[in-house]
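Working through the structure, step by step
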Amino acid sequence: MDKVIITSYSIHDIRFPTSLQKDGSDAMNKSPDYSGAFIILRTNVPNLKAYGMTFTSGSGNEVVCVAMETLAKRIVGRSLAALTENMSMTYRTLVSGQIRWIGPEKGALHMATGAVVNSIWDLWGRYEGKPVWRLVCEMSPEELVNLIDFRYIVDVLTPEEALQMLREGQQGKEQRMQDALNNKAVPAYTTSAGWLGYSDEKVKTLLKETVKEGFKYFKMKVGSNIDDDRRKLAIARSVIGYNGVKLMVDANQVWDVEEAIEYMKQLAEYKPWFIEEPTSPDDILGHARIRRELEPYGVGVATGEQCQNRVIWKQLFQAGAIDIAQIDACRVGGVNEVLCILLMAKKFGVPVIPHSGGVGLPEYTQHISTIDYVLISQKLSLLEYVDHLHEYFRYPCRVVNGYFTTPLEPGYSIEIYDSTIDEFEFPHGAFWVSPIGKEVTEIMLQGL
Ligand SMILES: [Mg+2]
């Protein structure tokens, strides 16, 4: 590994015009263009390169790309061995220095950190010839603890405690690895039918299709209008029923705390399992109150996709603010920080259902859910699946009979084709210079 040197990198602002079909639309994000800020690492070894990405919803992707440029310079010239022998220090180095002032460990800068850290993991997996989930699951508890930067969380999780948890997790690990290899580790839920901008007819048709495909868990977007939401949830329940299935709803942060409570009381008759992102992702005590007040109505609370770092996660757990932890693979600082959040979730007994509603996210999170099942929670790990844009990835995730197919190819499954870059790199890719691309750009620049 000390012979593998990162010699250069390239950064790509890739945007897909999903706003044309309202894919991904919700009460807050009315017409996102699903986008990824990608980094490609190149090495001195022929054909050994690696990919990292963070997800955005279009405008602002360029900001993350600039931050990635700054961070990527720090790893050029370094060997894979030097970067991975003490990954917690590699992580610490990336979040330190003058640039820390524009974070720290939050926002666009931290998303850039996530992409760069994940690109190192992709390289590590490719070098070892293993998918990232397997690379992690085959590490010893001592090696795993060394991946984590415990700064700011030792009041709830010490390295010694993490080590103990990971040692206990070794029991039955081989069987769970086998389950993963048999594609029985990660059941999927779908949001594909639930986007807010879809017509009633489209919702109905898509739900029927997903029921046929074997899904048992469904999520709908809510929060723009109570009458519309009641109508759509009634449609959803008429298609999926109530037996052996679960329905979730997602408000994408549109409400104040009291508004969330009152609104959700009116949707309780449709028996949603949880309300996702009822309010600001930074409002820890607000989530705690919503959870307390909705508990008698049988509605849980979930959040996480815009939870910016392990400190916010720590407080959500400490405050008893959530029923479900929806960790994002690249909003926080990559695999390392995700592992520490998984461990905190385990300690507080909060199930993890990673956030995957975006391009490339299910490709990443299938690894995270597999790690959670094999190594940490040891429970079947439900995961969001959105059926968009997988065709642009070399190793797309797949769902068969309601389960994710465990990835077997080396790395972190986030490689895009060169042709994807040629077509969708913003603003000069083939799509974006076309007449329709220019129209979409105009709307994007107006902030609509
Ligand atoms: Mg969501």
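Describing the overall build of the chain
Helix and strand content of the chain: 17 helices and twelve strands. Counting over 448 residues, the chain shows a buried share of 60%. Taking the contacts inside the chain whose residues are at least 6 apart along the sequence as the reference set, 75% of them involve residues at least 24 apart.

Remarks on the coordination of the magnesium ion
The magnesium ion binds to the protein through D250 (OD), E276 (OE) and E305 (OE); the donor distances cover 2.0 to 2.2 Å. Positions of the donor residues of the magnesium ion, expressed as sequence spacing, correspond to D-x25-E-x28-E. Within this pair, whereas D250 is found in strand β6 (residues 246–250), its partner E276 is found in strand β7 (residues 274–276), the two being separated by 26 residues in sequence. On the accessibility criterion, D250 (0% relative accessible area) is buried.

Focus: the pairing of β6
Where burial is concerned, most of β6 is hidden: four out of the five residues are buried. Bridge count between strand β5 (residues 217–221) and β6: five bridges; the pairing is parallel. Looking at the pairing, F218 lines up with L247 of β6. Once the chain exits β5 it traverses helix α10 (residues 226–240) before rejoining the sheet at β6, and the crossover so formed is right-handed.

Some points on the domain arrangement of the chain
Looking at the chain, the domain boundaries give domain 1 (6–167 + 418–445) and domain 2 (170–404). For domain 1 versus domain 2, the separation of C-alpha centres amounts to 22 Å. Across the contact, 59 residues belong to domain 1 and 57 residues belong to domain 2. Overall, the association of domain 1 and domain 2 removes approximately 4800 Å² of surface from exposure, summing both partners, and the carbon and sulfur fraction of that is 65%. By the criterion of area lost to domain 2, the three top residues of domain 1 are W133, C137 and V156, representing 14% of everything that side buries. Here E105 and R310 are joined by a salt bridge, their closest N and O atoms 2.5 Å apart. Counting across the domain 1 and domain 2 interface gives 26 residue pairs in polar contact (both at pLDDT 80 or more). Broken down by secondary-structure element, the contributors of at least two residues to the side of domain 1 that touches domain 2 are β2 (35–43), β3 (49–56), α3 (87–94), α4 (107–128), α5 (132–137), α6 (141–145), α7 (159–168) and α16 (418–424). Top contributing element to the side of domain 1 that touches domain 2 by residue count: α4, with eight residues. Looking at the side of domain 1 that touches domain 2 residue by residue, the classes come out as 31 nonpolar, 16 polar and twelve charged.

Re the nonpolar core
Considering soluble globular proteins, one finds that nonpolar side chains tend to be buried as a cluster. By size, the foremost hydrophobic cluster in this structure holds 146 residues, and its most contacted members are W121, I275 and W313. The element contributing the most residues to this core is α4, with ten residues. Composition of this core by domain shows at least three residues from each of domain 1 (6–167 + 418–445) and domain 2 (170–404). Not counting the four nearest positions on each side in its chain, W313 is found in contact with T303, G304, C307, I322, A325, Q326, I327, V332, I341 and M344. Core analysis: the second largest hydrophobic core is formed by seven residues, Y189, M248, I324 and I353 among them.

Considering the packing of helix α14 (residues 334–348) against helix α15 (residues 361–376)
Interaxial distance between α14 and α15 falls to 11 Å at its minimum, and their mutual angle equals 50 degrees. In terms of orientation, α14 and α15 fall into the oblique class. Handedness of the α14/α15 crossing: right-handed. On α15, the residues that touch V338, L339, L342, L343 and K346 of α14 are I368, I371, D372 and I376. Here the contact of α14 with α15 is built from residues that sort into seven nonpolar, no polar and two charged.

Comments concerning helix α11 (residues 257–267)
Every α-helix carries 3.6 residues per turn, so stepping three or four residues along brings you back to the same face. V257, A260, I261, Y263, M264 and L267 are the residues of α11 that are buried. Where the residues of α11 are buried, they touch α10, β6, β7 and α12 (284–294).

A few points about the layout of surface pockets
What the largest pocket holds in volume is close to 830 Å³. Elements represented by at least two residues in the lining of the largest pocket include exactly β3, α1 (61–72), α4, β5 and α17 (435–445). If one sorts the elements of the lining of the largest pocket by residue count, α17 sits on top with five residues. Of the residues assigned to the lining of the largest pocket, the class counts are 16 nonpolar, 16 polar and 14 charged. Counting contributing residues, the lining of the largest pocket receives three or more from each of domain 1 (6–167 + 418–445) and domain 2 (170–404). When its volume is computed, the second largest pocket comes out at roughly 330 Å³. In this structure, the second largest pocket is lined by 18 residues; those nearest its centre are P351, V352, S377, K379 and L380. Sorting elements by how many residues they give to the lining of the second largest pocket places α14 first, with three residues. Classifying every residue of the lining of the second largest pocket by side-chain character gives twelve nonpolar, three polar and three charged.

Brief notes about the packing of α11 against α12
Orientation of α11 relative to α12, taken along the N-to-C sense of each, is 25 degrees, at an axis distance of 9 Å. By the angle class used here, α11 and α12 are roughly parallel. Crossing handedness for the pair α11 and α12: right-handed. In this structure, α11 uses V257, E258, A260, I261, M264 and K265 to contact α12, whose residues at the interface are G286, R289, I290, E293 and L294.

Thresholds, definitions, all that
- Residues numbered from 1 in each chain as written.
- Predicted model: local features only at pLDDT ≥ 70, side-chain atom pairs only at ≥ 80, totals over all residues.
- Heavy atoms only, no water.
- Helix = DSSP H or I, 4+ residues; strand = E, 2+ residues; numbered from the N terminus.
- Buried < 20%, exposed > 50% of the residue type's maximum accessible area, 1.4 Å probe, protein only.
- Contact = heavy atoms within 4.5 Å.
- Donors = N, O, S within 2.8 Å, 3.2 Å for Na, K, Ca; no water.
- Pairing = 2+ DSSP bridges.
- Right-handed = clockwise from strand over helix to strand, strands pointing away.
- Domains from an automatic or database assignment.
- Buried area = accessible area lost by both parts, 1.4 Å probe.
- Salt bridge = Lys/Arg side-chain N within 4 Å of Asp/Glu carboxyl O.
- Polar contact = N/O pair within 3.5 Å; in protein donor to acceptor, adjacent residues only side chain to side chain.
- Nonpolar A, V, L, I, M, F, W, Y, C, P; charged D, E, K, R; others polar.
- Core = buried A, V, L, I, M, F, W, Y, C linked by side-chain atoms within 4.5 Å.
- Axes fitted to C-alpha atoms, helices over the stretch in contact; angles between N-to-C directions.
- Parallel < 35°, antiparallel > 145°, perpendicular 65-115°, else oblique.
- Left-handed = near helix turned anticlockwise from the far one by under 90°.
- 1 Å grid on protein atoms, 1.4 Å probe; cavity = no way out; pocket = protein on both sides within 12 Å on 5 of 7 lines; lining within 4 Å.
- Points joined across faces, edges and corners; volume = space filled by probe spheres on them.

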